[in-house]
Amino acid sequence: MDIQCGKSTYSFESIVDKYSNMLMRLAMIRMGNKEDAEEVVQDTYLKLIYEVNKGNIFNDEEHLKAWLLTVATNRGKSILNLMWNRRTQGLDALEEASYEDKHNEGYAYEYVMKLPEKYRVAINLFYYEQLKTDEIAKIMKTKETTVRSYLHRGRERLKEMMEADA
Amino acid sequence: MWNEEEFFKDFAKASDKITASDELTERLKSLPTGRKRPRVYYERMVLAAAAVILCVSLGVFGISRISNTGDNITDSKVEFASKSESDDDMQNIDISGKLELARKYVDNYSVKITDANGNEISQTTRKVITGQLKNAIIVSEDTQGEYTSYYCEGKKNIEIRIYSADKTNIKVAVIEK
């Protein structure tokens, strides 16, 4: 299967190689466990196959990247709605983690996982994927000011949690 | 202490470690992909072609129907022309009604009937006229020939013209005054 991005054409396999890690990171930060995250990633690629088979093409590679992030975000939301009462492994692990564990390498990730889901997604896209707030707003289907608010409140909460544990 | 820059560097390092497993990657690469594509396009094209053919057929059928209807309209014009003849029939029926009226007036002795000179006719003449009207053929007032006029003064004033040229086929014209 070939995926057309503007004038360039990419094989499906090359797209999988290029974007799977990005999608897995987003799905993990959203879902909190590997199984659900993998389901989100797989569903995202199935949606890509469906759209390409319909004859849809992407303007460029950035368009494809943004589309993949948007689909993964929405798919994650759908799955979370289905399992609204399921507690994530990440949070379970955090409950049992000691103070020292939190300050090992990767402690920040554990703190971020304590934040509400919207804040986590916004922080991942902003601080890791290096997207601008307007791009994040499009992916999360919300206003840019809302994204800024998520980032601000997220930072505030992280600071509070860090100082409380200190 | 809270150090934002350091915190998010650590966050990025931790995120770096999150990757799609080889197993997942292989599974994703083996997802059913392009084989269906030509079939989907083929089906779409066939469906689109069928839809076009159907529309064109319906259009042609509709146009042919409209043309046939036009022919029918022409035919009906012919029929309409012939209806003018039937209008004559209607006139004839009307004339027959006049003949009936004339017969009633002649039979009714309360209706005064005068001849062309203004003299009231006798009962004998009435009987003669009654006999003539029994077997008479109604004709229009434009009919040429010799006739005898009688004027009846009933609810309607009518003139009865009895053409006397042919004794066997008596013709009568009834004219409302």
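Residues numbered from 1 in each chain as written. Chains lettered and ligands numbered in written order. Predicted model: local features only at pLDDT ≥ 70, side-chain atom pairs only at ≥ 80, totals over all residues. Heavy atoms only, no water.

Caption draft 1: Geometry of a nonpolar patch on the surface. On the surface, V52(B), V56(B) and V60(B) cluster together into a nonpolar patch covering about 270 Å² of accessible area. With respect to the element layout, V52(B) can be found in helix α3 (residues 36-107). (Patch = residues over 30% accessible without salt bridge, like charges linked within 9 Å, V, L, I, M, F, W, Y side chains within 5 Å. Areas by Shrake-Rupley, 256 points an atom, 1.4 Å probe, with all protein chains shown as cover. Salt bridge = Lys/Arg side-chain N within 4 Å of Asp/Glu carboxyl O. Helix = DSSP H or I, 4+ residues; strand = E, 2+ residues; numbered from the N terminus.)

Caption draft 2: Inspection of the packing of aromatic side chains at higher detail. Counted according to the given criterion, the structure contains twelve aromatic pairs over all chains. Arranged with centres 5.7 Å apart and planes meeting at 15 degrees, the rings of Y109(A) and F11(B) form a pair that is stacked. Of this pair, Y109(A) sits in helix α6 (residues 107-114) while F11(B) is found in helix α1 (residues 4-16), placing the two residues in two different chains. F11(B) sits in the buried class, given a relative accessible area of 0%. Measuring from ring centre to ring centre gives 6.4 Å for Y111(A) and F7(B), while their planes differ by 55 degrees; the resulting arrangement is tilted. (Phe/Tyr/Trp six-rings, centres within 6.5 Å; stacked < 30°, edge-to-face > 60°. Buried < 20%, exposed > 50% of the residue type's maximum accessible area, 1.4 Å probe, protein only.)

Caption draft 3: The interface of chain B and chain A, seen in detail. Contacts between the two partners involve 30 residues from chain B and, on the opposite side, 38 residues from chain A. Between chain B and chain A lies a buried interface of about 3,200 Å² when both sides are counted; carbon and sulfur atoms form 67% of it. By the criterion of area lost to chain A, the three top residues of chain B are W2(B), F11(B) and I18(B), representing 21% of everything that side buries. At the junction of chain B with chain A, the criterion picks out two salt bridges. (Contact = heavy atoms within 4.5 Å. Buried area = accessible area lost by both parts, 1.4 Å probe.)

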